[in-house]
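# Summary of the model geometry
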Amino acid sequence: MINEMKNQLTKEQIAQLAEHCEKAELEAYEITKITDDYPQMTYRDAFDIQWEARRRKEARGTKIVGMKMGLTSWAKMSQMGVEHPCYGYLADYFSVPEGASIRFDELIHPKIEAELAFVLKEELKGPGIHIGDVLRATDFVMPAVEVIDSRYKDFKFDLKSVIADNSSSSRFMTGGNMAKPEDLDLKTLGVVMEVNGKVVQTGAGAAVLGHPAASVAMLANMLAERDESLPAGSFIMIGAITEAVTVNKGDSFVVHFNGLGSLSGRFE
Ligand code: OOG
Ligand code: MG
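Summary of the structure given here. Not measured: the values here are computed from a predicted model.

With that out of the way, let us pick up helix α1 (residues 11-27). Taking 1.5 Å of rise per residue, the 17 residues of α1 would be expected to cover 24 Å, and the 24 Å separating its terminal C-alpha atoms lies within 8% of that figure. Listed in full, the buried residues belonging to α1 are I14, L17, A18, C21, E22, A24 and E25. Down the axis of α1, the sector holding all buried residues measures 155°, keeping them to one side. Taken together, the buried residues of α1 touch α2 (34-37), α3 (43-59) and α6 (159-164). Within two residues after α1, A28 carries a phi angle of roughly 55°, on the positive side.

The next point concerns the layout of surface pockets. The calculated volume of the largest pocket comes to roughly 180 Å³. Considering the residues around the largest pocket, the lining is formed by 13 residues, among which R54, M67, S229, P231 and S234 are closest to the centre. Within the residue set of the lining of the largest pocket, elements represented by two or more residues are α3 and β1 (64-70). At four residues, the largest contribution of residues to the lining of the largest pocket is made by β1. A class-by-class count of the residues in the lining of the largest pocket yields eight nonpolar, three polar and two charged.

Each protein donor to the magnesium ion (ligand 2) is listed here as E113 (OE), E115 (OE) and E146 (OE); together their distances run 2.0 Å. Counting the intervening residues between successive donors of the magnesium ion (ligand 2) yields the motif E-x1-E-x30-E. With E115 in strand β4 (residues 111-120) and E146 in strand β5 (residues 138-148), this pair connects stretches of sequence that are 31 residues apart. By relative accessible area, which is 0% here, E115 ends up buried.

Our next topic: the pattern of salt bridges. If you walk through the whole model with that rule in mind, you get 22 salt bridges. A salt bridge links D105 to K249, with the nearest nitrogen and oxygen atoms 3.0 Å apart. Here K249 lies in the loop between β10 (245-246) and β11 (252-257) and D105 lies in the loop between β3 (101-102) and β4, a separation of 144 residues in the sequence. Here K249 falls in the partly exposed class, since its relative accessible area comes to 48%. Linking R151 and D165 is a salt bridge whose minimum nitrogen-to-oxygen distance equals 2.8 Å. One end of the pair, R151, is in the loop between β5 and α6; the other, D165, is in the loop between α6 and β6 (169-174), with 14 residues separating them in the sequence. Taken as a pair, R151 and D165 share a single burial class, namely buried. Each of E22, E25, R56, K57 and R60 takes part in a single network of salt bridges with overlapping partners.

Analysis parameters
- Residues numbered from 1 in each chain as written.
- Chains lettered and ligands numbered in written order.
- Predicted model: local features only at pLDDT ≥ 70, side-chain atom pairs only at ≥ 80, totals over all residues.
- Heavy atoms only, no water.
- Helix = DSSP H or I, 4+ residues; strand = E, 2+ residues; numbered from the N terminus.
- Expected span 1.5 Å × (residues − 1).
- Buried < 20%, exposed > 50% of the residue type's maximum accessible area, 1.4 Å probe, protein only.
- Arc of directions from axis to C-beta.
- Contact = heavy atoms within 4.5 Å.
- 1 Å grid on protein atoms, 1.4 Å probe; cavity = no way out; pocket = protein on both sides within 12 Å on 5 of 7 lines; lining within 4 Å.
- Points joined across faces, edges and corners; volume = space filled by probe spheres on them.
- Nonpolar A, V, L, I, M, F, W, Y, C, P; charged D, E, K, R; others polar.
- Donors = N, O, S within 2.8 Å, 3.2 Å for Na, K, Ca; no water.
- Salt bridge = Lys/Arg side-chain N within 4 Å of Asp/Glu carboxyl O.

See the structure below:
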């Protein structure tokens, strides 16, 4: 199971694999998936690699500005052939302003995702966090678009490999309008994604684990396995509501969020 506590890799191998994945991210090149070379890698090893890459970034002065859940909708799980959600961290330089041009050449094979973000006013510490705890602890909800960019060849991976690769995190945009969770119907909140003026995906909040707040609850409970929590003020993306859409240089996008405005951008 994903919460297994055993390591099969040594500390040195974990450090070396963290560097391997992070270098591919920073320099935008493809690598083969880790489980091809280390079939014995456990979930514990995979999360240790992710946390070690995060530590390396922080040691260089990079700030961690949020967390994201991934593979939280059936659309995403069936698209990627993986049947369990995962999480990743968001670094300061992943953030792109609303309406921005995103530099395509800094990425390998990006895809865009329609998401929502929760901002907390209180800490959430698992285990045992449920939707009610999340709604009580949420300050506001706002639109988000994630740009994912797996470092693995042809965007193909298994759950352990994608966890080690920070769950494909690469860029994200947030903006539009914020709203209190009590003023939204989070399950029926509709999203429409357009690329180059054509509608390419539509969906609603309930696609994410039945309720968007369930994703934040799951994150708090997964973090508790490492004795970590989501502090007050945390920014958390819930995972794609629809399938991710491949983009090319020159493409522009607009994602409409019912009642919360829209987010747009362009790849240049
Ligand atoms: C893994 C990350 C998925 C999401 O929102 O589902 C993700 C991937 O599909 O590359 O960010
Ligand atoms: Mg995502």
